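Fold and geometry: a report
Listed below are the residues making up each chain.
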Amino acid sequence: MPAYRKLEEQTPLSPVSMTYAATALGLSTLAVSDLDCELDVRYGSLKENRLDIFYPPKPSSDCPVFIAIHGGNWSHGYKEWMGFGAIPLVAAGVIFVAIDYRLSTVSRFPSQLEDCLDALSWVHRNISRYGGSPDRIFVGGHSAGAHLAALATLRTDLHKNHSLGANVIKGCFPFSGIYDLRRDDKYGITPSIAVIEEFLSSIDDAVEASPICHVAGNRVPFFVSWAENDAPLMRQQGAPFVSAVEASGSHVKCHVFPAFDHFHIHLDQVRPENLHNRVLIEWMSDPRP
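What this report covers is the structure whose coordinates are included nearby. (Residues numbered from 1 in each chain as written. Predicted model: local features only at pLDDT ≥ 70, side-chain atom pairs only at ≥ 80, totals over all residues. Heavy atoms only, no water.)

Topic: the nonpolar core
Judged by nonpolar contacts, the single largest core of 59 residues is most densely connected at Val97 and Phe241. With eight residues, helix H4 (residues 144-154) is the largest single contributor of residues to this core. In this structure Phe241 touches Ala150, Leu154, Tyr179, Pro211, Ile212, Val215, Phe222 and Val224, once residues within four positions along its chain are discounted. Counting 23 residues, the second-largest nonpolar core is a separate cluster that includes Cys37, Phe66, Ala68 and Trp283. (Core = buried A, V, L, I, M, F, W, Y, C linked by side-chain atoms within 4.5 Å. Buried < 20%, exposed > 50% of the residue type's maximum accessible area, 1.4 Å probe, protein only. Helix = DSSP H or I, 4+ residues; strand = E, 2+ residues; numbered from the N terminus. Contact = heavy atoms within 4.5 Å.)

Following this line, the structure appears as structure tokens:
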């Protein structure tokens, strides 16, 4: 029976973050025990270049695929925090892929984006072996993973460097993310917090790393969500990012999850009835314009 690897130790986070991490890992361990999966698949040559694949017991030849990117301030986290999201999606006939990437403690931006694009390229080239369709790939992520999912979707200028053709991503589902890393107080709070400065190689990279700066010409549909009690930057930046995507001419919807905080918005995705799951499954079966 598959089992998760022993996770490399990371520096402690806040108590509430550690509770979230333990809960997410526990739920994901249940997913591994209950679902068909292949763990620690290599998508590149680096030790961080690993992904987990969860798939239906009798997949068709054209299952839709969801790539999930973990959060953790770009400096922490594991793909194993995301696996529980496979529980409702695999039941709906979706192949679920959770990816690791280099953390900022190992290598700064753009390493994280490069890894996400390499993982996307691997999935596009190989997912048919698991019954997935390379023409039905969706991406999403939580917190720092939301930022990376949006950036990987919007930075199409980099796709050819990773052997990706046009229109590989069919939909993007970032939740509780930040989308503008520039030093700007127009959101009511300046996003110059230490984790951003530790993530970027230089503050001059902020434009390159900000999804909101790359929405022009986008045609990938977005479902952007955040929590009523989310962290301040997530609450302040969600709506402006939605407006920017909409102004680009893209199909975009958003939702604020009432009562949830930065962590429960993710943990609730274990439920099939969660709106994130319902919209994702709907869009996968009914392609957006």
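Having put the structure on the table, let's press on.
Remarks on the pattern of salt bridges
Following the criterion strictly, the structure yields 15 salt bridges and no others. Among the salt bridges present, the one from Glu80 reaches Lys79, with a minimum N-O distance of 2.9 Å. Accessibility assignment for this pair places Glu80 and Lys79 in one class, buried. Note that Arg155 and Glu208 form a salt bridge whose closest N and O atoms lie 3.1 Å from each other. In this pair, Arg155 sits in the loop between H4 and strand S6 (169-175) while Glu208 sits in the loop between helix H5 (194-199) and strand S7 (222-229), placing the two residues 53 residues apart along the sequence. (Salt bridge = Lys/Arg side-chain N within 4 Å of Asp/Glu carboxyl O.)

Comments concerning the layout of surface pockets
Taken as a whole, the second largest pocket holds about 390 Å³ of empty space. Around the second largest pocket, the lining comprises 21 residues; the ones closest to its centre are Asn73, Ser143, Ala231, Met234 and His262. Considering every element that reaches the lining of the second largest pocket, the biggest residue donor is helix H6 (residues 232-247), with three residues. Partitioning the lining of the second largest pocket into residue classes produces 14 nonpolar, seven polar and no charged. (1 Å grid on protein atoms, 1.4 Å probe; cavity = no way out; pocket = protein on both sides within 12 Å on 5 of 7 lines; lining within 4 Å. Points joined across faces, edges and corners; volume = space filled by probe spheres on them. Nonpolar A, V, L, I, M, F, W, Y, C, P; charged D, E, K, R; others polar.)

Quick notes on H6
For H6, which comprises 16 residues, the first-to-last C-alpha distance of 24 Å matches the rise-based estimate of 22 Å (1.5 Å per residue) to within 8%. Maximum bend of H6: about 30 degrees, positioned at Gly238, with proline Pro240 one to four residues after it. Taken residue by residue, H6 has Leu233, Met234, Gln237, Gly238, Phe241, Val242, Ala244 and Val245 as its buried positions. Summarising the contacts, the buried residues of H6 are in contact with H4, S7 and strand S8 (252-261). Where H6 terminates, the next one or two residues include Gly249, which has phi positive at roughly 95 degrees. (Expected span 1.5 Å × (residues − 1). Bend = angle between axes of the 7 residues up to and from the residue.)

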